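Structural overview for review
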Amino acid sequence: MAVRVLVAKPGLDGHDRGAKVVARALRDAGFEVVYTGLRQTPEQIAEAALQEDVQVVAMSILSGAHPHLFPKVVELVRGKGLKDALIIGGGVIPDGDIPALKEAGIAAVFTPGTPTGDIIKFINENVK
């Protein structure tokens with residue numbers, strides 16, 4: 001059975017080219033991909049993760065709101081009972097912010113220039 005991945009764009013960030021590139025790469029690697037579209041609230045993302053029965057939530061953000069939005073999504077996804085879901089993030093995220101995001105439950109953070117193969121490898125090695 002294929003791994004199901006939710007690709008989400010939390011907050012008011014209106015730039016989704018990177019998320020679409022990642023979604024296509026994941027699809028081409030054999031994952032089932034659900035893309036939420038732009039401007040999703042953390043509540044919408046958590047509900048979509050539950051409804052779509054995904055094993056991975058992959059968020060992309062370029063707006064700088066990651067310190068607030070990423071942990072909120074983790075909290076809500078876990079609150080919906082998705083204890084084993086792998087939650088990853090990407091986008092324009094300063095290196096100095098990454099340790100706090102990991103502490104908040106983001107399994108990995110992929111910054112600009114990360115090869116899509118690295119994301120695919122991480123998911124394959126870490127999905128439960």
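Check the entry above for the structure.
Here is a short report on the structure shown in this document. Position numbers for residues start from 1 in each chain and track the written sequence from start to end. Note on the predicted model: pLDDT of at least 70 is required for a residue's local features to be given, and 80 or more for side-chain atom pairs to be given and counted; whole-chain, interface and lining totals, by contrast, use all residues. Calculated side-chain values reflect all of the structure's heavy atoms, with hydrogen atoms and water omitted.

1. As for the overall build of the protein
As a reminder, the rule being used: Strands here are runs of E lasting at least two residues and helices are runs of H or I lasting at least four, both read from the DSSP assignment and numbered beginning at the N terminus. As a reference, a globule follows 2.2 Å times the number of residues to the power 0.38, and the radius of gyration itself is taken over C-alpha atoms. Relative accessibility under 20% of the residue-type maximum defines a buried residue, over 50% an exposed one, and the middle range a partly exposed one, all with a 1.4 Å probe and only protein chains included.
For the protein, the count of helices and strands is 5 helices and 5 strands. Ordered by position from the N terminus, the helices and strands of the protein form the series β-α-β-α-β-α-β-α-β-α. The C-alpha atoms of the protein give 13 Å as radius of gyration, which agrees with the globular expectation for 128 residues (14 Å, within 12%). Considered along the principal axes of its C-alpha atoms, the protein spans approximately 35 × 30 × 25 Å. Out of the 128 residues belonging to the protein, those deemed buried represent 45%.

2. Observations regarding the layout of surface pockets
Short version of the rule: Using a 1 Å grid laid over the protein atoms alone, points where a 1.4 Å probe fits but cannot get out form a cavity; open sets with protein on both sides within 12 Å along at least 5 of 7 lines form a pocket; any residue with an atom within 4 Å of a point counts as lining. Grid points are joined across faces, edges and corners, and a volume is the space filled by probe spheres set on the points. Classification convention: Asp, Glu, Lys, Arg as charged; Ala, Val, Leu, Ile, Met, Phe, Trp, Tyr, Cys, Pro as nonpolar; all other residues, Gly among them, as polar.
For the largest pocket, the calculated volume is near 390 Å³. If you trace the largest pocket, you find 25 residues lining it, with Gly-18, Val-22, Gly-90, Gly-91 and Phe-110 closest to the centre. Mapped onto the lining of the largest pocket, the elements with two or more residues apiece are helix H1 (17–28), strand E3 (56–61), strand E4 (86–91) and helix H5 (116–126). Looking at the lining of the largest pocket element by element, the count peaks at 5 residues for H1. By residue class, the composition of the lining of the largest pocket is 12 nonpolar, 10 polar and 3 charged.

3. What about unusual backbone geometry?
Its identity as a non-glycine residue notwithstanding, Arg-39 has a phi of 55°, on the positive side. Relative to the helices and strands, Arg-39 resides in the loop between strand E2 (32–35) and helix H2 (42–51). For Asp-53, which is not a glycine, the phi torsion comes out positive at approximately 50°. Topologically, Asp-53 is positioned in the loop between H2 and E3. Note on Asp-53: relative accessible area 53%, which makes it exposed.

4. Considering the sheet that holds E2
Keep this limit in mind: A pair of strands counts as paired when DSSP detects no fewer than two bridges linking them. For helices, the fitted axis covers only the stretch in contact; all axes are lines through C-alpha atoms, and the angles between them, taken along N-to-C directions, range from 0 to 180 degrees. Whether two residues touch is decided by their heavy atoms; if any such pair falls within 4.5 Å, the residues are in contact.
Strand order across the open sheet formed by 5 strands is E2-E1-E3-E4-E5, with parallel pairing between neighbours. What marks the edges here is a single partner per strand, and that holds for E2 and strand E5 (108–110). Each adjacent strand pair in this sheet contributes to an overall mean axis angle of 20°, direction not counted. Bridge count between E3 and E4: 6 bridges; the pairing is parallel. Bridge assignment links Ser-60 to a residue of E4, and that residue is Gly-90. Along the sheet, H2 makes contact with strand E1 (4–8) and E3, crossing E1 at roughly 165°.

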